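# Report on the structure
In case you want the letters, here they are:
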Amino acid sequence: MVRINLLDTRTTSFGDLISNGKIYRVPPFQRDYSWTEENWEDLWQDILMLHNNVSISHYMGAIVLQRSGTTDQSFTIIDGQQRLATLSIIAVAVIEMLQKLVEKGIDPQANQERQEILKRTYLGDRDPRSLRYSSKLILNENNNDFYQSNLVNLRKPLNIRSLSKSNQLLWQAFEYFFTQLEKLPEVTQDGEKLAMFITDTVAQGLLLIQISVEDELNAYTVFETLNARGIELTSTDLLKNYLFSLFRGPDDLQEAQRQWRRIINTVQMEKFPEFLRYYLSLKHTRVRRERLFKLVRSSVNDATKAFDLLDQLENFSGLYVALSNPNDEFWRDTPENQPYIRELNLFRVKQAYPTLFAAYQRFSPENFTRLLKLIVVISFRYSIVSRLNPNELESFYNTVATNIAEGTITTPRQVFDTLRPVYVTDEKFKQDFSLLSISTKGQKRRLVRYILSQLEVDASGIQVEENSFSIEHILPEVPTDEWRQYFTERQLEEMVYRLGNLTLLEPSFNRDIGQKNYQSKQEKYQNSVYQLTQRITAEEWNPDTIAARQRHLAQRAVHIWQSDFL
């Protein structure tokens, strides 16, 4: 059971949070403001619901705060910056609407006073020297200057298009909510009602679960426990902030930032936790997602180690991306690897990534290719045909990865020796293949094409383009009454997607024969260019014929998908 050291967990409102004299800071390197009109509209609809029914409230989710240093007056926003920034912008829009009333001469003195009260309550206090407002909310290094200068102090930017994307979004958020307010004339024509709208409806009606934590590690654990949408992004930000905190000089920090951006641009933010887990599996066993931050923090505690980690991650980032794309430029000089990469993606195999990370670094190009082929064979036997528990594979691949990284495994044969327990035996593979049934609909269709094309290559010795043929169901998917003479209802359901009932056929032939009887189909099969199809010569097509053909295909499959090290 996970134990989390929480300073405080409570239900709070935006008003209670922001009007209590505390300052909330977004870490300098946290991700930029990213909400768009879809998010603003969702929030506005919630606000309108509250406006029309003041007796209800609406939960906006959790906000995670970490106390800054020893003071109780300053908090770091670990999660929730998008919501707090947006709610502050709504306050800005209301204050600007009050200014419009003042300019129109509508109760100017009272509305001017309301403006000042709302600014002090929701935005910040005015500096007695500069007379500018200092914010209760401090955004990250890319957004804060714009937020303070142009939103908190109500100054329209001279050239919106010249702003960064995130600062454009901040200003567009203000314009969106100001426009929405204008659609509520019963509110916007009266300063008192405008003030009530922000203080009662927005500030008190929107509730947050405030979670205060002691340190970054507890914050990370909270993310994993909450299991909320966007968790990967936030946990990645948390790790980035920790690494950047280890750099003391501005030059080191700038270099680390540049390196981090290169890594994220390659890997993509949402996939970074997965990438990091595979990398850490080179040195640690059974790396769980919830332990990522803890593992990094325990082993990386100074700038030198942080740079080393960033160097390693950058080195592996290109390979990580290329493993999911056979057409990646990464494989330009080794095109022989592309078919195996394509197969691994077809099988959705990722457990082997740590092994491939280590082998790419330590093995010769030739041995890396041999390893790819071995992993394809093991995966096809274990996961696709025998359909065994994929979790078992992970621990084996993890062991292989650490052994390659440590230099105790130096060849693909040694990899095979270690993976031998998960290499499905010929006898079991043949038995399972003989009974294999795969739907030809949806994503599985590509898998059927792959299997049939490999069986055809084995039969004819000629390469087959997987998208060049139609998948022919000898027993049709929608059988006529004539077909039903040979199959019971249960057999019809069980047999139609058995591999023994499937073959390759030219698309024009496939259209011609449709649901015709077996004799009509069999005549067409003899004119096909595909050897696998020409060999369908049984006198009739029934459950026994399908089973016999599939047993024969299984015998060939044993030789097609076989390790080179037996």
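Here the structure is shown first, and the text comes after it.
First, a word on what this report is: a plain description of the structure on this page. (Residues numbered from 1 in each chain as written. Predicted model: local features only at pLDDT ≥ 70, side-chain atom pairs only at ≥ 80, totals over all residues. Heavy atoms only, no water.)

## Comments concerning the overall build of the chain
Looking only at helices and strands, the chain features 26 helices and ten strands. Its C-alpha radius of gyration of 32 Å places the chain more than 25% over the 24 Å reference for a compact globule of 566 residues. For the chain, the spread of C-alpha atoms along the principal axes amounts to about 100 × 60 × 45 Å. Partitioning the contacts of the chain with sequence separation of at least 6, the portion at a separation of at least 24 is 70%. In the chain, 67 side chains carry a positive charge and 72 a negative one; their mean positions are 2 Å apart. (Helix = DSSP H or I, 4+ residues; strand = E, 2+ residues; numbered from the N terminus. Rg over C-alpha atoms; globule rule 2.2 N^0.38 Å. Contact = heavy atoms within 4.5 Å. Lys, Arg positive; Asp, Glu negative; His and termini not counted. Charge placed at Lys NZ, Arg CZ, Asp CG, Glu CD.)

## Here we look at the side chain of Asn111
Inspection of the secondary structure puts Asn111 in helix α4 (residues 108-123). Judged by relative accessible area, which is 1%, Asn111 ranks as buried. (Buried < 20%, exposed > 50% of the residue type's maximum accessible area, 1.4 Å probe, protein only.)

## Some points on the side chain of Asn542
Here Asn542 shows up in the loop between α25 (531-534) and α26 (543-560). A distance of 3.0 Å separates a polar side-chain atom of Asn542 from the backbone nitrogen of Asp544. Of the polar contacts made by the side chain of Asn542, one reaches the side chain of Thr545; its length is 2.8 Å. Contact partners of Asn542, with chain neighbours within four places excluded, come to Tyr486 and Phe487. (Polar contact = N/O pair within 3.5 Å; in protein donor to acceptor, adjacent residues only side chain to side chain.)

## Description of the environment of Leu170
Following the sequence through the fold, Leu170 ends up in helix α6 (residues 165-182). Using a relative accessible area of 0% as the deciding quantity, one classes Leu170 as buried. Separated by 124 residues in sequence, Leu170 and Lys294 have C-alpha atoms that sit 34 Å apart. With residues up to four places along the chain from it excluded, the contact list for Leu170 reads Tyr33, Ile89, Leu139, Asn143, Phe146 and Leu151.

## Remarks on the packing of helix α12 (residues 272-280) against helix α16 (residues 353-362)
Axis separation between α12 and α16 bottoms out at 8 Å; the angle between their running directions is 60°. One element, α12, and the other, α16, form an angle in the oblique class. Crossing angle aside, the handedness with which α12 passes α16 is right-handed. Contact with α12, carried on its side by Phe275, Tyr278 and Tyr279, involves Tyr353, Pro354 and Phe357 of α16 and no other residues of that element. Per-class residue counts for the contact of α12 with α16 are six nonpolar, no polar and no charged. (Axes fitted to C-alpha atoms, helices over the stretch in contact; angles between N-to-C directions. Parallel < 35°, antiparallel > 145°, perpendicular 65-115°, else oblique. Left-handed = near helix turned anticlockwise from the far one by under 90°. Nonpolar A, V, L, I, M, F, W, Y, C, P; charged D, E, K, R; others polar.)

## A closer look at a negative patch on the surface
Taken together, the side chains of Glu37, Glu38, Glu41 and Asp42 present a region of like negative charge at the surface. Residue Glu41 is classed as partly exposed on the basis of its relative accessible area of 38%. (Patch = residues over 30% accessible without salt bridge, like charges linked within 9 Å, V, L, I, M, F, W, Y side chains within 5 Å. Areas by Shrake-Rupley, 256 points an atom, 1.4 Å probe, with all protein chains shown as cover. Salt bridge = Lys/Arg side-chain N within 4 Å of Asp/Glu carboxyl O.)

## Quick word on the packing of aromatic side chains
For the structure on display, the rule yields 36 aromatic pairs. A centroid spacing of 6.2 Å and a plane angle of 70° characterise the contact between Phe272 and Phe275, whose relative ring orientation is edge-to-face. Placement of the pair is Phe272 and Phe275 together in helix α12, with a separation of three residues, close to one helical turn. Residue Phe272 is classed as buried on the basis of its relative accessible area of 1%. On the basis of relative accessibility, which here comes to 0%, the residue Phe275 falls in the buried class. Both rings, one in Phe316 and one in Phe357, keep their centres 5.1 Å apart while their planes meet at 15°; by these two values the pair is stacked. Linking Phe316 in helix α14 (residues 303-322) with Phe357 in helix α16, this pair joins segments that are 41 residues apart in sequence. For Phe357, a relative accessible area of 0% gives the class buried. Taken together, the ring pairs connect Phe244, Trp260, Phe272, Phe275, Tyr278, Tyr279, Phe316, Tyr320, Tyr353 and Phe357 into an aromatic cluster. Over the aromatic face of Phe429 sits the side chain of Arg381, whose NZ or CZ is 4.5 Å from the ring centroid. (Phe/Tyr/Trp six-rings, centres within 6.5 Å; stacked < 30°, edge-to-face > 60°. Lys NZ or Arg CZ within 6 Å of the ring centre and 35° of its normal.)

## So, the pattern of salt bridges
Under the criterion given, the structure shown has 16 salt bridges. Note that Asp458 is salt-bridged to Arg556, the shortest N-O span being 2.9 Å. One end of the pair, Asp458, is in helix α21 (residues 444-460); the other, Arg556, is in helix α26, with 98 residues separating them in the sequence. With a relative accessible area of 31%, Arg556 lands in the partly exposed category. A salt bridge links Glu489 to Arg484; the shortest N-O distance between them is 2.5 Å.

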